[in-house]
Amino acid sequence: MKIELLTLQCIKNYGSVLQTYATQKILGEFFEEVETIRFIRDDSADENMLNEWVKYDQGIKAKIKKIALMPMCSRYKKVFNSFLSKFVRLTKQEYRTDDDFVKYPLMADAFCVGSDQVWNSSWNQGILPAMYLKFVPDNKMKFSFCSSFGVTELPSDEVDDTRRLLDRIKYISVRESTAVDLLNGLGINNAEHLLDPTLLLPVEFWKNISSPRLVKENYVLVYQLNPNQEFDEYAKMFADKKNMKLVYIGMRMKDKLKKGKVFLMPEVEEFLSLIQHASYVITDSFHGTAFSLNFNRELIDIYPNEFSTRLSSILKWAGIPNRHLTNFNDFTIAEQKIDYDSINQKLDEERIKARKFLKNVKNNIEE
């Protein structure tokens, strides 16, 4: 039985490629053949990366920035494209527009969308009909696995279109509890809340592909997606108070100027290792949080200005909403250790729940 998976694997960040790999692996437990559709948004295509990075600049400034950013752009492509090539089975054909799905029809027993922010219209610069499997014939099984809206409510002008598109998907699972409420508000009452696929695989799985330890000393790890000077100052003071080395996963050239040891765009396997061996992780990233939980790290979350729903949902689920830092003068937030016995038990239960969902989907396809 063959499954075609549609997700945001083309986005060049650690969370996107790791959730793609995790989703493929879990689907592979139930279906003999899983293929990920090489769907590429124009703004995330390799040839458009530099233009996107300087789109708010003009003239000579844009040209200079392009030259300066070229090495970092090449590094992004190498790190994430090589991981996908190594671990993910992708279609040979690229799909960028709705017409591409007509020109190059896909043949499968069922089609899956998820996980990641596939239904976040702000992130996707509008509703992407393909992400609702609009291209799939009515008589084919369509299901969602751990899809995310990234928001608690939809813009009013998107409600009707979203409802209409989702009505064609027989089995729906979402990765935030708030998304279940959102769907209920649309009159879609069959949605299940499942965890992100990276959490639905046991820690041993991730340790098997994680690089060897990269930092000998005890360290505080910072994985920061959104520039924030208060965040940086807090992390430095927190590491000083713990008498530990400060380590950054750097995502931008200017991150090399941070006060600490910076791993600039490490390989994906190194990204896992840096989280696995940290004493503390301070992050504003959903997948930084997810992997900290799976590796049982002491965690501090600083919410970004946008799309913080995913973070609040996972902290609430884990029973540690108090690990959301709201005061940059609070250095006692991590004094009480996280109860990982309880969290690990809940993770085991969620892994069983997710597989029951997929087993039910498979049984329905076979009928």
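Residues numbered from 1 in each chain as written. Predicted model: local features only at pLDDT ≥ 70, side-chain atom pairs only at ≥ 80, totals over all residues. Heavy atoms only, no water.

K.L.:
Please set out the overall build of the chain residue by residue, giving values where relevant.
P.N.:
The number of helices and strands found in the chain is twelve helices and twelve strands. Against the compact-globule benchmark of 21 Å for 367 residues, the chain has a radius of gyration of 21 Å, which places it among compact chains. With the principal axes as the frame, the chain shows a C-alpha extent of 60 × 55 × 40 Å. When each of the 367 residues of the chain is scored for burial, the buried share is 56%. Counting only carbon and sulfur atoms, one obtains 47% of the accessible surface of the chain, whose full area is about 16600 Å². For the chain, the distance from the average position of its 51 positive side-chain charges to the average position of its 51 negative side-chain charges is 5 Å. (Helix = DSSP H or I, 4+ residues; strand = E, 2+ residues; numbered from the N terminus. Rg over C-alpha atoms; globule rule 2.2 N^0.38 Å. Buried < 20%, exposed > 50% of the residue type's maximum accessible area, 1.4 Å probe, protein only. Areas by Shrake-Rupley, 256 points an atom, 1.4 Å probe, with all protein chains shown as cover. Lys, Arg positive; Asp, Glu negative; His and termini not counted. Charge placed at Lys NZ, Arg CZ, Asp CG, Glu CD.)

K.L.:
For the sheet that holds strand 10 (residues 261–264), give the residues involved together with the corresponding values.
P.N.:
Whether parallel or antiparallel, the strands of a sheet pair through hydrogen bonds between backbone atoms. Overall, parallel pairing links the five strands, which are arranged 10-9-8-11-12 in an open sheet. The two strands at the open ends of the sheet, each matched to only one other strand, are strand 10 and strand 12 (298–301). Strand after strand, the sheet turns through a mean of 20 degrees between neighbouring axes, direction not considered. As defined by bridge partners, strand 8 (residues 219–223) adjoins strand 9 (residues 245–250) across five bridges and the pair is classed as parallel. Bridge pairing links Leu 221 to Val 247 in strand 9. Sheet contacts for helix 8 (residues 229–242): strand 8, strand 9, strand 11 (280–283) and strand 12; angle to strand 11, the most-contacted strand, approximately 170 degrees. (Pairing = 2+ DSSP bridges. Axes fitted to C-alpha atoms, helices over the stretch in contact; angles between N-to-C directions. Contact = heavy atoms within 4.5 Å.)

K.L.:
Talk me through unusual backbone geometry; I want residue IDs and the actual numbers.
P.N.:
The phi torsion at Gln 125 lies on the positive side, around 60 degrees, for a residue other than glycine. Take Gln 125: it is sitting in the loop between strand 4 (110–113) and strand 5 (141–144). According to the relative accessible area criterion, Gln 125 is exposed, its value standing at 55%. Positive phi, close to 45 degrees, is recorded for Met 265, a residue that is not glycine. Positionally, Met 265 belongs in the loop between strand 10 and helix 9 (268–276).

K.L.:
Can you explain the packing of helix 9 against helix 10 (residues 286–294)? Please cite residues and give values.
P.N.:
Contact pair helix 9 / helix 10: the axes reach a minimum separation of 9 Å and the direction vectors enclose 60 degrees. By the angle between their directions, the pair helix 9 and helix 10 is classed as oblique. Our pair here, helix 9 against helix 10, has a crossing hand that is right-handed. Of the residues in helix 10, those touching helix 9 at Phe 271, Leu 272 and Ile 275 are Gly 288, Phe 291 and Ser 292. (Parallel < 35°, antiparallel > 145°, perpendicular 65-115°, else oblique. Left-handed = near helix turned anticlockwise from the far one by under 90°.)

K.L.:
Tell me about the pattern of salt bridges, and please be specific about residues and values.
P.N.:
Evaluation of the coordinates by the stated rule reveals 28 salt bridges. Here Arg 175 and Glu 176 are joined by a salt bridge, their closest N and O atoms 3.6 Å apart. For Arg 175, a relative accessible area of 3% puts it in the buried group. Judged by relative accessible area, Glu 176 falls into the buried class, the value being 1%. A salt bridge links Asp 348 to Arg 351; the nearest nitrogen and oxygen atoms lie 3.3 Å apart. Linking Asp 348 with Arg 351, this pair stays in helix 12 (residues 340–366), spanning three residues, or about one helical turn. Bridged by salt links that share partners, the residues Lys 2, Glu 4, Glu 33, Glu 35 and Arg 89 form one connected network. (Salt bridge = Lys/Arg side-chain N within 4 Å of Asp/Glu carboxyl O.)

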